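Chain residues, written in single-letter form:
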Amino acid sequence: MPLRLKTTCAPNPRIDPLVEGLVTVPNVEFDWDLKPVPMLFLNNIKLDNLELSEMSMSETLLTVDRRPTLGNGRWMWWALPIFLARGHFWTGLVAHVDSGIKDLGDLKGKRVAIPDYCMTAALWMKVTLKEMYGIEAGDIEWFNWRPRGESQALELELDKNPPPGVSITWLTRDHDPVAMIERGEIDVAVGVNDPRLRDNPRVRRILPDNGRQLIGDFYQKTGCFQPNHHFIIQRRLIDGQPESAMDLYNAFSRSKEIAYERGGRKDSAYLYFEGDTPERQASVFGDDPYPMGLSGMSKTLNRLIQGSLEQGLIRREVKLEEIYHPSTLGT
């Protein structure tokens, strides 16, 4: 009997060949459920009722770290080293015009509102601030604007067991981050997609190029990409058919390559930044902007883990073999 997997993830051009059936997996059938990711991650943490799912890398680390104390039988997953999502939305920071912030180096000592302190994009933002400007997580006053019921950080009880040395204010549904930045109650907002911020004379974009130069400079300095998501699969499903872990990895890899080929490496399947050129991108990141597997991504993954420790998210160094399926450790 083939393993039938309900597969839940965001629409992504790099998996289209899989969704379309152009790529198949031996002894595996997919039942695709494509949906936006934020509530998907909350579902994984709170209900843990999905089979094969896209998942936040940062929050996967937290579930491994906190499984003994908070899991209550949940979060028994293996991750697969499939890295097909880069989320640089954090580079779209807006600052109050009177905040005195001209670039990211001015964020030290400022009040910054983010969706979730523990989300992977926020983790990479804080890693970037440390690497490029010497700013530590504790140098900023953070405001977590997702309320209870929408926040992965609150579901993981970061409010009860907060990161040491870090100030986090947990906003509720009664708070409006757009109104707060307009009134100057916070200095910077990240990830707020609200029409009130467009052409608003009270705010300004900090990175006019949406971070393209910064992300390139970060990569040149560290050798690290900034992936946000990988895939997780329930251990109860894959442990009885362990060969399928590598079959899934290979299928997602092939799907990515077909997506590159069909778009001539010039569309959203290949480009790291919207509107970029393949030539400029390749000159910075190399020929594959979405590398997969652990060998090519080990530096990135270890920096992610180190950053999570630095920011007070995880309390011990989580090992890659605790996260990824044993058969994929040599990828």
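Our structure's up above, just so we're on the same page.
Residues numbered from 1 in each chain as written. Predicted model: local features only at pLDDT ≥ 70, side-chain atom pairs only at ≥ 80, totals over all residues. Heavy atoms only, no water.

**Student:** Before we go on, may I ask you to explain the pairing of strand 11 (residues 229-234) in this structure?
**Tutor:** Counted residue by residue, strand 11 has six buried out of six residues, so it is predominantly covered. Alternating positions in strand 11 separate into two faces, His-229, Phe-231 and Ile-233 on one and His-230, Ile-232 and Gln-234 on the other, with burial throughout. Where strand 3 (residues 52-56) and strand 11 come together, five bridges link them in antiparallel fashion. Note that in strand 11 the partner of Ser-53 across the bridge is Ile-232. Both strand 4 (residues 77-80) and strand 11 contribute to a ladder of four bridges, which runs antiparallel. When the sheet's bridge partners are listed, Trp-77 is paired in strand 11 with Gln-234. (Buried < 20%, exposed > 50% of the residue type's maximum accessible area, 1.4 Å probe, protein only. Helix = DSSP H or I, 4+ residues; strand = E, 2+ residues; numbered from the N terminus. Pairing = 2+ DSSP bridges.)

**Student:** Can you help me understand the environment of Phe-143 in this one?
**Tutor:** With respect to the helices and strands, Phe-143 occurs in strand 7 (residues 141-144). The exposure class of Phe-143 is buried, given its relative accessible area of 8%. In this structure the C-alpha to C-alpha distance between Phe-143 and Ile-114, which are 29 residues apart in sequence, comes to 6.2 Å. If near-sequence neighbours (up to four positions away) are discounted, Phe-143 is found in contact with Arg-111, Val-112, Ala-113, Ile-114, Thr-169, Leu-171, Met-180 and Ile-186. (Contact = heavy atoms within 4.5 Å.)

**Student:** I keep staring at helix 7 (residues 212-222) and nothing clicks. Help me out?
**Tutor:** Residues lying three or four places apart along an α-helix face the same way, a consequence of the helix completing one turn every 3.6 residues. Every buried residue belonging to helix 7 is among Leu-214, Ile-215, Gly-216, Phe-218, Tyr-219 and Thr-222, and all of these are buried. Buried-residue contacts for helix 7 involve helix 4 (120-133), helix 10 (278-285) and helix 11 (298-310). Immediately beyond the C-terminal end of helix 7, within one or two residues, lies Gly-223, with a positive phi of roughly 75 degrees.

**Student:** When you look at the nonpolar core in this model, what are you seeing that I'm missing?
**Tutor:** The tendency in soluble globular proteins is for nonpolar side chains to be buried as a group. Residues Trp-90, Leu-93, Leu-107, Met-125 and Trp-142 are the most contacted members of the largest nonpolar core, which totals 69 residues. Per element, the largest residue contribution to this core is seven residues, and it comes from helix 4. Leaving out residues up to four positions away in the same chain, Met-125 has contacts with Trp-90, Leu-93, Leu-107, Val-112, Ile-114, Trp-142 and Val-190. In this structure, Ile-15, Val-28, Ala-245 and Leu-248 belong to the second largest nonpolar core, which totals 26 residues. (Core = buried A, V, L, I, M, F, W, Y, C linked by side-chain atoms within 4.5 Å.)

**Student:** Would you mind showing me how to read helix 4 here?
**Tutor:** Taking 1.5 Å of rise per residue, the 14 residues of helix 4 would be expected to cover 20 Å, and the 19 Å separating its terminal C-alpha atoms lies within 8% of that figure. Most of helix 4 sits out of view: ten of its 14 residues are buried. Of the residues making up helix 4, those classed as buried are Thr-120, Ala-121, Ala-122, Leu-123, Trp-124, Met-125, Lys-126, Val-127, Thr-128 and Leu-129. Buried residues in helix 4 make contact with strand 3, helix 3 (57-71), strand 6 (111-114), strand 7, helix 7 and helix 11. Of the residues flanking the end of helix 4, it is Gly-134, one or two places downstream, whose phi is positive at about 70 degrees. (Expected span 1.5 Å × (residues − 1).)

All quantities given are derived from atomic positions and should not be read as evidence of function.
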